[in-house]
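Structural features, examined
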Amino acid sequence: MAASWLRHCTDGKLTATTTARSWERWAATADKAERYDRTSLSDEAVKDFIRRHAQLHPDYSRTRLHRLLRDAGLACEQKRFAMLYAETMEER
């Protein structure tokens with residue numbers, strides 16, 4: 001994106017009105033919504049995942065475990081994962 005911004009900067013000013021308009025036109029054509037095809041999990045399934053992977057990777061942070069879950073094609077919103085992680089770690 002930065003390289004494109006610089007290409008659209010024809011007058012030498014990154015914040016010039018003409019540069020901004022040019023950028024907005026380009027960005028409107030380049031905008032693509034990201035879609036993820038992940039499988040939703042129940043709270044208990046997420047907790048099972050956390051238990052299993054925390055045991056396999058005791059040095060992994062909550063964030064890294066969440067990334068592992070998502071990379072496995074599974075879905076769990078970040079705030080919900082944090083809550084379930086805290087509950088699971090308290091059970092230990």
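Here, the structure is the one placed above.
Described in the following lines is the structure provided in the data block. What you see is a predicted model, and the numbers here were worked out from it, not measured in a lab. (Residues numbered from 1 in each chain as written. Predicted model: local features only at pLDDT ≥ 70, side-chain atom pairs only at ≥ 80, totals over all residues. Heavy atoms only, no water.)

What follows covers the nonpolar core. If you look at the biggest cluster of nonpolar residues, it comprises 13 residues, and the most contacted ones within it are V46, I50, L65, L69, C76 and F81. When neighbours within four sequence positions are excluded, L69 is seen to be in contact with L41, F49, L74, A75, C76 and F81. (Core = buried A, V, L, I, M, F, W, Y, C linked by side-chain atoms within 4.5 Å. Buried < 20%, exposed > 50% of the residue type's maximum accessible area, 1.4 Å probe, protein only. Contact = heavy atoms within 4.5 Å.)

What follows deals with the packing of aromatic side chains. Where two aromatic rings form a pair, the distance of their centres and the angle of their planes describe that pair. A complete count under the given rule lists 1 aromatic pair for this structure. Where F81 meets Y85, the ring centres are 6.5 Å apart and the plane angle is 25 degrees; that geometry is what we call stacked. You can see F81 and its partner Y85 sitting in helix α5 (residues 78–91), 4 residues apart, about one turn around the helix. It is R38 that lies over the ring of Y36; its NZ or CZ is 4.2 Å from the centre. Against the face of Y60 rests R64, its NZ or CZ located 3.9 Å from the ring centre. (Phe/Tyr/Trp six-rings, centres within 6.5 Å; stacked < 30°, edge-to-face > 60°. Helix = DSSP H or I, 4+ residues; strand = E, 2+ residues; numbered from the N terminus. Lys NZ or Arg CZ within 6 Å of the ring centre and 35° of its normal.)

As a further point, take α5. The periodicity of an α-helix, 3.6 residues per turn, causes residues three or four places apart in sequence to face the same way. Helix length check: α5, at 14 residues, gives a terminal C-alpha distance of 20 Å against a target of 20 Å (1.5 Å per residue), a fit within 8%. Measuring from the side-chain oxygen of the N-cap residue of α5 to the backbone nitrogen of K79 gives 3.0 Å; that N-cap residue is E77. (Expected span 1.5 Å × (residues − 1). Polar contact = N/O pair within 3.5 Å; in protein donor to acceptor, adjacent residues only side chain to side chain.)

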